[in-house]
Amino acid sequence: MTYEVILYYKFLEFQDPAEFKDQHKKFCKDLGIKGRIYIGKEGINGTVGGTPDQVQAYKNALRDVEGLEDIDFKSEYSDFNPFPRLQCKVRDEIVSLHADTDIDTSDGGQYMEPHEWREMIESDQDYVMIDVRNDYETKIGHFKGALTPNLENFFEFSDWIEQLEVPEDKKVLMYCTGGIRCEKFSALMKYHGYEDVNQLHGGILRYKHEEEGKHFKGKCFVFDDRLVVPVNPEDLEPIARCEITGKPADSYINCANMECNKLFVCSEEGARKMDGCCSEECRKSEYKRPFDPDNAFKPFRKWYHYFDEEFKERELQNG
Ligand SMILES: [Zn+2]
């Protein structure tokens, strides 16, 4: 069975996000689509998965909404639906930058289409390229030569820019997974006086399809149960190392000790060696879920899937 996974966003003014959310959530439930959708006064941001028919019906329905006629979808395929459930929520920001100022995304960086991006990399032009993603994403893959700020959360970028030592007239290129973080961060950079700000239109995922991921090293982290997807078929060598064995690896697991649950780079060999735990200490924990090599590389959801009724009862009482 093949599933389609899509990513999309659109900045537009929603008069009544709560009402739209209620209708949209019901529509998704009836259709049987799963994933994560954030709706706010500033727009909509989602990633959902389902059968190709379900996804087609979903896309059609979104394009029927006033203001969303031209919404752009990035598609990927997976042999399982990488979303365990549906989350459809109202948020103040559809992607949280927590900037002190109102960001006008209509005044964001210049779009660079994937082919322009590749040509720029292959040119001898002077620029700085910023990877606008989190540390655990850049660790397993990024464009060659990119500046990787190593921040844990996107909202930390609004402080990071304060100490950025890049001249305001320098050409800036930036990219993220599907483009939405660049929409906000490029607008913030312009607000801070940067003059030549450019963003990869459609992010790594569109670039992967249109330019075969050229000049990208490693893999791309995605926020669903697949965790990582390949980008550049010519450069698939892992750039990170297994935290257990120290050997090159690019797969992530959550520590099997549910009290820890740390997301860490781990090879299959490392996972088997430590029963899926990040440390010896975690391995001894009574909160360790049984190690299942076949499911080790899917993220952990809720601890109670793994224990019997009695244990659940006790833990629920313990809060
Ligand atoms: Zn651990």
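Preceding this paragraph is the structure being described.
**Brief notes about the sheet that holds strand 12 (residues 228-230)**
So, step 1. Pairing is antiparallel in the open sheet, where 3 strands are placed in the order 8-11-12. What marks the edges here is a single partner per strand, and that holds for strand 8 (141-143) and strand 12. Pairwise comparison of adjacent strand axes, ignoring direction, gives a mean angle of 45° for this sheet.
So, step 2. Bridge analysis of strand 8 against strand 11 (residues 216-221) gives 3 bridges, and the strand direction is antiparallel. Bridging from a neighbouring strand, Phe-143 pairs with Phe-216 of strand 11.

**Considerations on the pairing of strand 7 (residues 128-131)**
Within a regular beta strand, the side chains point alternately toward one face of the sheet and then the other, so they alternate between its two faces.
So, step 1. Neither face of strand 7 is open: one carries Val-128 and Ile-130, the other Met-129 and Asp-131, and all of them are buried.
So, step 2. Where strand 7 lies against strand 9 (residues 171-175), 4 bridges are found, and the strand directions are parallel. The residue of strand 9 that forms the bridge with Ile-130 is Met-174.

**Side note on the coordination of the zinc ion**
So, step 1. Donor atoms from the polypeptide that bind the zinc ion are Cys-255 (SG), Cys-260 (SG), Cys-278 (SG) and Cys-282 (SG), placed at 2.3 to 2.4 Å.
So, step 2. The site at the zinc ion holds 4 donor atoms, and with the angles between them running 106 to 114°, its shape is tetrahedral.
So, step 3. Positions of the donor residues of the zinc ion, expressed as sequence spacing, correspond to C-x4-C-x17-C-x3-C.
So, step 4. In this structure Cys-282 comes out as buried when scored by relative accessible area, which is 8%.

**Section: the nonpolar core**
So, step 1. Core analysis: the largest hydrophobic core is formed by 26 residues, its most contacted members being Ile-130, Val-132, Phe-157, Met-174, Phe-185 and Met-189.
So, step 2. If you list the elements that add at least two residues to this core, you get strand 1 (3-11), strand 7, helix 5 (157-160), strand 9 and helix 6 (180-191).
So, step 3. The biggest single contributor to this core is helix 6, with 5 residues.
So, step 4. Not counting chain neighbours up to four residues away, the residues in contact with Phe-157 comprise Leu-97, Asp-131, Val-132, Arg-133, Pro-149, Leu-151 and Phe-185.
So, step 5. Core analysis: the second largest hydrophobic core is formed by 20 residues, Tyr-8, Ile-44, Val-55 and Ile-71 among them.

**Overview of the side chain of Lys-184**
So, step 1. Here Lys-184 lies in helix 6.
So, step 2. By relative accessible area, which is 3% here, Lys-184 ends up buried.
So, step 3. For Lys-184, the side chain forms a polar contact with the main-chain oxygen of Val-95, separated by 3.3 Å.
So, step 4. Excluding residues that lie within four positions of it along the chain, Lys-184 makes contacts with Phe-11, Glu-42, Glu-93, Val-95, Leu-97, Ile-103, Thr-105 and Phe-154.

**Focus: helix 7 (residues 203-211)**
So, step 1. Judged by how many residues are buried, helix 7 sits mostly within the fold: 7 of 9 residues are covered.
So, step 2. The complete set of buried residues in helix 7 reads Gly-203, Ile-204, Leu-205, Arg-206, Tyr-207, Lys-208 and Glu-211.
So, step 3. Backbone geometry just after helix 7 places Glu-212 at a positive phi near 50°.

**Focus: helix 2 (residues 52-63)**
So, step 1. With 12 residues, helix 2 extends 16 Å from end C-alpha to end C-alpha; this agrees with the ideal 16 Å at 1.5 Å per step.
So, step 2. Of the residues making up helix 2, those classed as buried are Gln-54, Val-55, Tyr-58, Lys-59 and Leu-62. Buried residues in helix 2, looked at end-on, bunch into an arc of 135°, giving them a common side.

**Here's the deal with the packing of aromatic side chains**
So, step 1. For the coordinates displayed, the defined rule picks out 18 aromatic pairs.
So, step 2. Here the aromatic rings of Phe-157 and Trp-160 are separated by 5.6 Å at their centres, their planes lie at 70°, and the arrangement is edge-to-face. You can see Phe-157 and its partner Trp-160 sitting in helix 5, 3 residues apart, about one turn around the helix.
So, step 3. Residue class for Trp-160 comes out buried when judged on its relative accessible area of 12%.
So, step 4. What links up through ring pairs into an aromatic cluster is the set Trp-117, Phe-143, Tyr-175, Tyr-207 and Phe-216.
So, step 5. Positioned above the aromatic ring of Tyr-38, the side-chain terminus of Arg-91 is 4.1 Å from the ring centre.

**A closer look at the packing of helix 3 (residues 114-122) against helix 7**
So, step 1. In contact at an axis separation of 9 Å, helix 3 and helix 7 are set at 85° when each is read in the N-to-C sense. Considered as vectors, helix 3 and helix 7 are oriented roughly perpendicular to each other. On helix 7, the residues that touch Pro-114, His-115, Trp-117 and Arg-118 of helix 3 are Arg-206, Tyr-207, Glu-210 and Glu-211.
So, step 2. Taken together, the residues of the contact of helix 3 with helix 7 break down into 3 nonpolar, 1 polar and 4 charged.

Parameters and conventions
- Residues numbered from 1 in each chain as written.
- Predicted model: local features only at pLDDT ≥ 70, side-chain atom pairs only at ≥ 80, totals over all residues.
- Heavy atoms only, no water.
- Pairing = 2+ DSSP bridges.
- Helix = DSSP H or I, 4+ residues; strand = E, 2+ residues; numbered from the N terminus.
- Axes fitted to C-alpha atoms, helices over the stretch in contact; angles between N-to-C directions.
- Buried < 20%, exposed > 50% of the residue type's maximum accessible area, 1.4 Å probe, protein only.
- Donors = N, O, S within 2.8 Å, 3.2 Å for Na, K, Ca; no water.
- Tetrahedral: all angles 85-135°; square planar, octahedral: opposite > 155°, others 65-115°.
- Core = buried A, V, L, I, M, F, W, Y, C linked by side-chain atoms within 4.5 Å.
- Contact = heavy atoms within 4.5 Å.
- Polar contact = N/O pair within 3.5 Å; in protein donor to acceptor, adjacent residues only side chain to side chain.
- Expected span 1.5 Å × (residues − 1).
- Arc of directions from axis to C-beta.
- Phe/Tyr/Trp six-rings, centres within 6.5 Å; stacked < 30°, edge-to-face > 60°.
- Lys NZ or Arg CZ within 6 Å of the ring centre and 35° of its normal.
- Parallel < 35°, antiparallel > 145°, perpendicular 65-115°, else oblique.
- Nonpolar A, V, L, I, M, F, W, Y, C, P; charged D, E, K, R; others polar.

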